[in-house]
Amino acid sequence: MKDNKCINFITANSWHHVSAGNSGRSLADICAAHAAGHLVMSWLLDLHAFECSIGQDGDTSVAVCSAEPLTVHQDFLFTCAGIVAADSKNEIDDLLDSSHLKMPEHFSCPSDSAAAASKAATLKDKDRFQFVSGCILAISQLLKNYGHAYDQAKSLLLENGEIPLEECCRLRQEWDEIFHLETRPKSDVVLRMMASKPEWKLADGCFIGWDMQPLPPQWKPFVPELSDLSRGLMFWKYWKNGAEDELYADISADSQPNHGEGDE
């Protein structure tokens, strides 16, 4: 039976420009590391990627969608994944500067740093630094734990410059099998790894959902149809190119009845 959940477009995206600076690394290597970090974290966060690409000019683009609204943890972990994966020390230090976290305008926009600071600015002052530093540490640890997936994604990006939609879907399935995550919710994996704070009281003897509540015993992972993801990719391309009007015109044209020859 087909799952009756629907895909929300667009749940989250990363559109970030990177620079080699004086790191001693090639621009392509940093771009691939950044985008691979987003892709692997999107898999671990139950997000479904339909675009993952890098450009020769330092631009990276990763777009994902989800069947459910993102929790604050999912949203922030995805947003910061590229910065941590690329080991962008200056950007990480900038994010961990408590004064900068209060001023999203300090960061260049559009960028993952600006997006992260904007999200962090909505948190209470006493919680902000602990939340951001905890998420950054969690990303670092998760990318180490699932290093095979990260290395594979980075290698594909360096070789081809992009990972197409069908390949993103194939990688998700392959990684699920390799890491035995076909039947264990990724929310349970990620949140239990992060549950080091005393105020986190996660229930034992059950799987935990992204809302930190126990999942029902009959839980099954949601797998979107490829056609839904293809539709999301189409929406994303129109939106990214600033061609929303063309998108709506095409949708309107497709919805008109098709009168063939001989129809009255």
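Residues numbered from 1 in each chain as written. Predicted model: local features only at pLDDT ≥ 70, side-chain atom pairs only at ≥ 80, totals over all residues. Heavy atoms only, no water.

Asker: Looking at this model, I keep getting lost on the overall build of the chain. Mind explaining?
Answerer: Tallying secondary structure elements over the chain gives eleven helices and three strands in all. In the chain, the succession of helices and strands from N to C terminus is β-α-β-β-α-α-α-α-α-α-α-α-α-α. A burial count over the chain gives 44% of its 264 residues as buried. Within the chain, counting contacts between residues at least 6 apart in sequence, those at least 24 apart form 65% of the total. Roughly 14100 Å² of accessible area belongs to the chain as shown, and the carbon and sulfur atoms make up 50% of that amount. (Helix = DSSP H or I, 4+ residues; strand = E, 2+ residues; numbered from the N terminus. Buried < 20%, exposed > 50% of the residue type's maximum accessible area, 1.4 Å probe, protein only. Contact = heavy atoms within 4.5 Å. Areas by Shrake-Rupley, 256 points an atom, 1.4 Å probe, with all protein chains shown as cover.)

Asker: Got a minute to help me understand the confidence of the model for the chain in this structure?
Answerer: Regions with low pLDDT should not have their predicted coordinates read in detail. Averaged over the chain, the pLDDT score is 82; the fraction of residues at 70 or greater is 80%. Predicted confidence in the chain is weakest over helix H11 (residues 244–255), with a mean pLDDT of 51, and strongest over helix H7 (residues 147–160), with 97. Confidence drops under pLDDT 50 across residues 255–264; counting only partners more than four residues distant or on other chains, this segment forms one contact. (pLDDT = per-residue confidence, 0-100.)

Asker: Honestly, the nonpolar core in this entry has me stumped. Any pointers?
Answerer: Side chains that are nonpolar tend, in soluble globular proteins, to be buried together. Formed by 62 residues in total, the largest nonpolar core has its most connected members in Leu39, Val40, Met41, Leu44, Leu77 and Ile163. Of all the elements, helix H1 (residues 27–44) adds the most residues to this core, at eleven residues. Once you skip the residues sitting within four places of it in the chain, Ile163 turns out to touch Leu39, Cys52, Ala153, Leu156, Leu157, Cys168 and Leu171. Membership of the second largest hydrophobic core comes to six residues, among which are Ala63, Cys65, Leu165 and Leu233. (Core = buried A, V, L, I, M, F, W, Y, C linked by side-chain atoms within 4.5 Å.)

Asker: In this structure, what is going on with the environment of Ala117? I would like to understand it.
Answerer: Secondary-structure assignment places Ala117 in helix H5 (residues 112–120). A sequence separation of 13 residues divides Ala117 from Pro104, and the C-alpha atoms of the two residues are 4.9 Å apart. Those residues in contact with Ala117, other than ones at most four positions away along the chain, are Leu95, Leu101, Pro104 and Phe107.

Asker: Before we go on, may I ask you to explain the side chain of Ser66 in this structure?
Answerer: Relative to the elements of secondary structure, Ser66 occurs in strand E3 (residues 59–66). Residue class for Ser66 comes out buried when judged on its relative accessible area of 5%. From its side chain, Ser66 meets the backbone oxygen of Glu68 in a polar contact 2.8 Å long. (Polar contact = N/O pair within 3.5 Å; in protein donor to acceptor, adjacent residues only side chain to side chain.)

Asker: Explain the packing of aromatic side chains to me, please; I cannot follow it from the model alone.
Answerer: In this description, an aromatic ring pair is defined by two values, namely the gap between the centres and the angle between the planes. The tally for this structure, following the rule as stated, stands at five aromatic pairs. Plain terms: the ring middles of Trp43 and Tyr146 are 5.6 Å apart, the flat faces sit at 85° to each other, and that makes the pair edge-to-face. In this pair, Trp43 sits in helix H1 while Tyr146 sits in the loop between helix H6 (125–145) and H7, placing the two residues 103 residues apart along the sequence. A single burial state applies to Trp43 and to Tyr146, both of which are buried. Note on Trp43 and Phe179: the rings are 5.8 Å apart at their centroids and 45° apart in plane angle, and the pair reads as tilted. One end of the pair, Trp43, is in helix H1; the other, Phe179, is in the loop between helix H8 (165–178) and helix H9 (186–194), and 136 residues separate them in sequence. Using a relative accessible area of 0% as the deciding quantity, one classes Trp43 as buried. (Phe/Tyr/Trp six-rings, centres within 6.5 Å; stacked < 30°, edge-to-face > 60°.)

Asker: I tried to follow the pairing of E3 on my own but got confused; where do I start?
Answerer: Two faces make up the sheet, and in a regular strand the side chains alternate between them. Counting buried positions along E3 gives seven out of eight residues, so the element sits mostly inside the fold. Where strand E2 (residues 48–54) and E3 come together, six bridges link them in antiparallel fashion. By the bridge assignment for E3, Glu51 is matched with Ala63. Once E2 ends, the chain turns through four residues before running back antiparallel as E3, passing Gly58 with a positive phi of about 100°. (Pairing = 2+ DSSP bridges.)

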